[in-house]
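Fold and contact review
Here's the letter readout for the chains.
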Amino acid sequence: MQQEYQRFVRSGNTVSLIMFDIDHFKKVNDTYGHQPGDDVIKSVASLVLETKRDIDIAGRYGGEEFGIILANTCADSAKVFAERLRQRVEQTVVDTGEHKIQFTISLGISEASSDIDNYKAWLKQADAALYASKRGGRNQSSVYKEGMEME
Ligand SMILES: Nc1nc2c(ncn2[C@@H]2O[C@H](COP(=O)(O)OP(=O)(O)OP(=O)(O)O)[C@@H](O)[C@H]2O)c(=O)[nH]1
């Protein structure tokens, strides 16, 4: 993420970061067990790989949180991508043989801008937008707006 951020600073190209996490994932683990929980995480990872372009960079950032860096993409286009991914996840059923598990994700988007002076600040904005999606009722995506951290 730091590398991509530095690349942005050097090139001046548009780049957006999406952070997202699985809604009520604790409940998935508690209801179905840890292995089905892991299967859900794996299916999310596959959906991300199917949805993103080759030049985009995706990674798992901690337990059930993921990050995607969208090169040459402004916040509005990242929002279109985020909604596509959100809908794909919503329509997915993970079949463990014993259970059919459905789940949703909440996403936060931040376009790198001159008010961000390091990648941590970029991540913080995407996280603040993710938190706004959680607070707004989950299963939604939000673009970072000034003041979100304070809400
Ligand atoms: N099965 C499995 N569970 C994990 C993994 N990493 C983290 N977790 C679990 O993910 C859960 C995350 O729960 P919380 O952070 O409370 O959030 P949540 O239940 O998803 O609720 P919201 O994010 O508020 O919608 C915890 O119970 C962790 O133990 C993993 O690799 N596999």
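Residues numbered from 1 in each chain as written. Predicted model: local features only at pLDDT ≥ 70, side-chain atom pairs only at ≥ 80, totals over all residues. Heavy atoms only, no water.

Residues annotated in UniProt with the feature "domain: GGDEF" (unreviewed entry) correspond here to residues 13-146. The span residues 13-146 shows a helical share of 44% and a strand share of 25%, and its end C-alpha atoms are spaced 21 Å apart. (UniProt positions renumbered as here; feature names shortened; annotations may be inferred. Helix = DSSP H or I, 4+ residues; strand = E, 2+ residues; numbered from the N terminus.)

This part is about the pattern of salt bridges. Counted according to the given criterion, the structure contains seven salt bridges. Residues Arg 53 and Asp 56 are paired through a salt bridge, measuring 3.0 Å at the closest nitrogen-oxygen approach. Take Asp 56: its relative accessible area is 3%, and that puts it in the buried class. Salt bridges sharing common partners tie together Asp 21, Asp 23 and Lys 134. (Salt bridge = Lys/Arg side-chain N within 4 Å of Asp/Glu carboxyl O. Buried < 20%, exposed > 50% of the residue type's maximum accessible area, 1.4 Å probe, protein only.)

The five strands are arranged E2-E3-E1-E6-E7 in an open sheet whose pairing can be described as mixed. A strand with exactly one partner marks an edge of an open sheet, and here the two such strands are strand E2 (57-60) and strand E7 (141-143). Each strand of the sheet is rotated relative to its neighbour by a mean of 15°, with strand direction disregarded. Examined bridge by bridge, E2 and strand E3 (residues 65-71) share four bridges and lie antiparallel to one another. Residue pairing in the sheet places Gly 59 in a bridge with Gly 67 of E3. Contacts between helix H4 (residues 75-90) and the sheet are confined to strand E1 (15-22), E3, strand E6 (105-111) and E7, with E6 contributing the most and set at about 165° to the helix. (Pairing = 2+ DSSP bridges. Axes fitted to C-alpha atoms, helices over the stretch in contact; angles between N-to-C directions. Contact = heavy atoms within 4.5 Å.)

Take the confidence of the model for the chain next. As a note on interpretation, predicted positions should not be read in detail where pLDDT is low. This prediction gives the chain a mean pLDDT of 92; 99% of its residues lie at or above 70. Two numbers describe this predicted complex: its pTM, 0.93, and its ipTM, 0.88. (pLDDT = per-residue confidence, 0-100.)

This part covers the pairing of E6. Counting buried positions over the seven residues of E6 gives six, a clear majority of the element. As paired elements, E1 and E6 share seven bridges and run antiparallel to each other. When the bridges of E6 are listed, Met 19 appears paired with Gly 108. As paired elements, E6 and E7 share three bridges and run parallel to each other.

Our focus in this paragraph is the layout of surface pockets. Taken as a whole, the largest pocket holds about 230 Å³ of empty space. Lining the largest pocket are 15 residues; nearest its centre among them are Ser 113, Asp 115, Ile 116, Gln 125 and Tyr 144. The set of elements that each furnish at least two residues to the lining of the largest pocket consists of E6 and helix H5 (119-135). Residue composition of the lining of the largest pocket, by class: six nonpolar, four polar and five charged. Its boundaries defined by the atoms lining it, the second largest pocket holds a volume of some 170 Å³. Lining the second largest pocket are 13 residues, and of these Met 1, Ile 57, Ala 58, Gly 59 and Ile 69 lie nearest its centre. (1 Å grid on protein atoms, 1.4 Å probe; cavity = no way out; pocket = protein on both sides within 12 Å on 5 of 7 lines; lining within 4 Å. Points joined across faces, edges and corners; volume = space filled by probe spheres on them. Nonpolar A, V, L, I, M, F, W, Y, C, P; charged D, E, K, R; others polar.)

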